[in-house]
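These are the residues of each chain, in order.
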Amino acid sequence: MIDVWYWVGKNQILSGINLNVESGEFITLVGPSGAGKSTLLGLIHMANIPTRGRVCVAGLDASSATSRDIAFMRRKVGMVFQDFKLLEDRDVYENVAFALWATGVNRRNIKKRVFQVLAEVGLSHKRYAMVPELSGGEQQRVAIARALANEPFVLLADEPTGNLDPDTTQGIFALLEKINRKGTAVIMASHTADVAERLSARIVCIREGRIVT
Amino acid sequence: MSLNYLYSIREGILGLRRARMATFLTVSTIAVSLTIFGALLLITLNVADLVYRIKERMTFEVFLESGLTRDNAMELQSAIKGIRGVAGVMYISKEDALERYRRDLKMDPLQIVEENPLPASFQVSLMPEYRSAQGAGRLKAEIEKLQGVNEVIYHGGLYEILDRTGRYVLVVDAALLIFIVFAVVLLVSNTLKLTILSHRRSIQIMDLVGATHRFIRRPYIIQGIVQGAVGGGVATILLYGAVVLFSSRFPNALRYSFVVILMPLVLGIILSFLGSRIGIKRFLKGL
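These remarks concern the structure in this document.

1. Examining the overall build of chain A
Part 1 of the reasoning: Each helix and strand in chain A was counted, giving seven helices and eleven strands.
Part 2 of the reasoning: Counting over 213 residues, chain A shows a buried share of 54%.
Part 3 of the reasoning: Long-range pairs, those at least 24 residues apart, make up 70% of the contacts in chain A with a sequence separation of at least 6.

Here's what the structure looks like:
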């Protein structure tokens, strides 16, 4: 990200953001609510297009990207949210497989890959459980498994533990660190600084739309 | 067929089954609208055809001055033939006219009068582009100028009535047909909006994980096409049934072709494709 500015109407959300993410890096974006963390993740995911400046992900420049380019880029950029965004009328297996179906992976490879990622997040035994039957921590693990299904090089996590208790939060952090150790870069947004301190990650502080450290 | 397409077809059909009530309502409304469309089209084409056939049969009667020799009459016939807009000229001699009179009225005028009172005449038929009140009026004026012509009789009033009626029917029907076309597109696109709203989350997730818009769109477009094909198919069957029934009671009264009968089916598919495409495209733009 080079000198990125982002406005919504007359409100300035981000100002002059410069951020470079190395491959395999773990970054925690820390800042109070409304500081612009989610917007920044949205810019990397190209859900938001910068008003000014340059956002480049895996060689794709946001200013010239078509919706098709963005779709293909997103297959390599996993994303998880505080509210999990799972399909509640489908089971764990189908939720993860959905990401692979939607990107045109064939059935045999879907099966193999879903079992791989469910094993990675420790949910192989709950593959036929429906989403409402799972705890919050388990639901977030399903969301992480879905984000990993297409083998992304970077995982964006927007307050992934915002709805979870401290023990479950610890489990999710451990999982994110494990994923990072395997080579996937992780960029996680959090509004509490102590979260970041518990992780061996580069801390980037955001306040009022600016990076302050 | 690629897995992508199979997935889209499967999801499209499943979507219709999941929303059975909405699907039933959409399909039946499409069927009713397109049946009305087909019937209107059939009526319009038949009215146009009827007007054409009536005009085709309408001819001028050009009565000749008495005392004109047969040679003069032949010269006059050539002159009338040479007028632009005249399709054919048939000579009816005094004797032929008398014969027609006898045949039509089943009586012999010579029993009443001593001499044949009927004048010789020409029956003039018009080219299609002159079969209007204006065109016929112009021809009448030109024929009347010719020497040897005593009187030209044509049904100018009828031409006017036919022109006016034909125009009204065409305008009203065209407006109705356009209205139905828009109604079907709006209907399909609005029903699809409801379906899309109920699938909003899965569409957002598909977008999130990197599904292309084309991939996301496809099942919904397939849903639209299936609805249009079924609705249009039902309309075609109803229309064909009505035509067969009508024709059995009134043989040769109705003119139709299979292109017209199949129109609701073809239109159902095209309009539903357009409606669903517009509906899903709008939603994806807002993502």
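Following the structure, the description resumes.
2. Comments concerning the interface of chain A and chain B
Part 1 of the reasoning: Tallying the contact residues gives 24 residues for chain A and 17 residues for chain B.
Part 2 of the reasoning: Buried area between chain A and chain B, summed over both chains or domains, comes out near 1,800 Å², and the portion from carbon and sulfur atoms is 61%.
Part 3 of the reasoning: Summed over the shared surface of chain A and chain B, the number is one salt bridge.
Part 4 of the reasoning: Between B:Asp207 and A:Arg74 there is a salt bridge whose closest N-O contact spans 3.1 Å.
Part 5 of the reasoning: Connecting chain A to chain B are four residue pairs in polar contact (both at pLDDT 80 or more).
Part 6 of the reasoning: Mapped onto the side of chain A that touches chain B, the elements with two or more residues apiece are helix 2 (67–74) and helix 3 (92–101) of chain A.
Part 7 of the reasoning: No other element matches helix 2 of chain A, which puts five residues into the side of chain A that touches chain B.
Part 8 of the reasoning: Of the residues contributing to the side of chain A that touches chain B, the split by class is ten nonpolar, six polar and eight charged.

3. Observations concerning the pairing of strand 1 (residues 60–64) of chain B
Residues and elements named next belong to chain B.
Part 1 of the reasoning: Counting buried positions along strand 1 gives four out of five residues, so the element sits mostly inside the fold.
Part 2 of the reasoning: In this structure, strand 1 lies alongside strand 3 (residues 121–126), joined through four bridges in antiparallel fashion. Considered in strand 3, the bridge of Phe60 is made with Val124.
Part 3 of the reasoning: Both strand 1 and strand 4 (residues 149–153) contribute to a ladder of four bridges, which runs antiparallel. Looking at strand 4, one finds that Phe63 is bridged to Glu151.

4. Observations concerning the pairing of strand 2 (residues 86–92) of chain B
Residues and elements named next belong to chain B.
Part 1 of the reasoning: By the criterion of burial, strand 2 is predominantly enclosed, with five of the seven residues buried.
Part 2 of the reasoning: Summarising the sheet, strand 2 and strand 3 pair through six bridges and their orientation is antiparallel. Within the sheet, the bridge partner assigned to Val86 lies in strand 3 and is Leu126.

5. Topic: the packing of helix 2 (residues 20–57) of chain B against helix 9 (residues 258–285) of chain B
Residue and element names in this part refer to chain B.
Part 1 of the reasoning: Across the interface, helix 2 lies against helix 9 with an axial gap of 9 Å and an inter-helix angle of 135°. By the angle between their axes, helix 2 is oblique relative to helix 9. Note that helix 2 runs across helix 9; the crossing there is right-handed. Along the contact surface, helix 2 presents Ile30, Leu34, Phe37, Gly38, Leu41, Leu42 and Leu45, while helix 9 presents Val260, Met263, Pro264, Leu267, Gly268 and Ser272.
Part 2 of the reasoning: Looking at the contact of helix 2 with helix 9 residue by residue, the classes come out as ten nonpolar, three polar and no charged.

6. With respect to helix 4 (residues 94–105) of chain B
Part 1 of the reasoning: Between its first and last C-alpha, helix 4 of chain B extends 16 Å over twelve residues, near the 16 Å set by a 1.5 Å rise per residue.
Part 2 of the reasoning: In the stretch just after helix 4 of chain B, B:Lys106 is the one whose phi turns positive, near 55°.

About the thresholds
Residues numbered from 1 in each chain as written. Chains lettered and ligands numbered in written order. Predicted model: local features only at pLDDT ≥ 70, side-chain atom pairs only at ≥ 80, totals over all residues. Heavy atoms only, no water. Helix = DSSP H or I, 4+ residues; strand = E, 2+ residues; numbered from the N terminus. Buried < 20%, exposed > 50% of the residue type's maximum accessible area, 1.4 Å probe, protein only. Contact = heavy atoms within 4.5 Å. Buried area = accessible area lost by both parts, 1.4 Å probe. Salt bridge = Lys/Arg side-chain N within 4 Å of Asp/Glu carboxyl O. Polar contact = N/O pair within 3.5 Å; in protein donor to acceptor, adjacent residues only side chain to side chain. Nonpolar A, V, L, I, M, F, W, Y, C, P; charged D, E, K, R; others polar. Pairing = 2+ DSSP bridges. Axes fitted to C-alpha atoms, helices over the stretch in contact; angles between N-to-C directions. Parallel < 35°, antiparallel > 145°, perpendicular 65-115°, else oblique. Left-handed = near helix turned anticlockwise from the far one by under 90°. Expected span 1.5 Å × (residues − 1).

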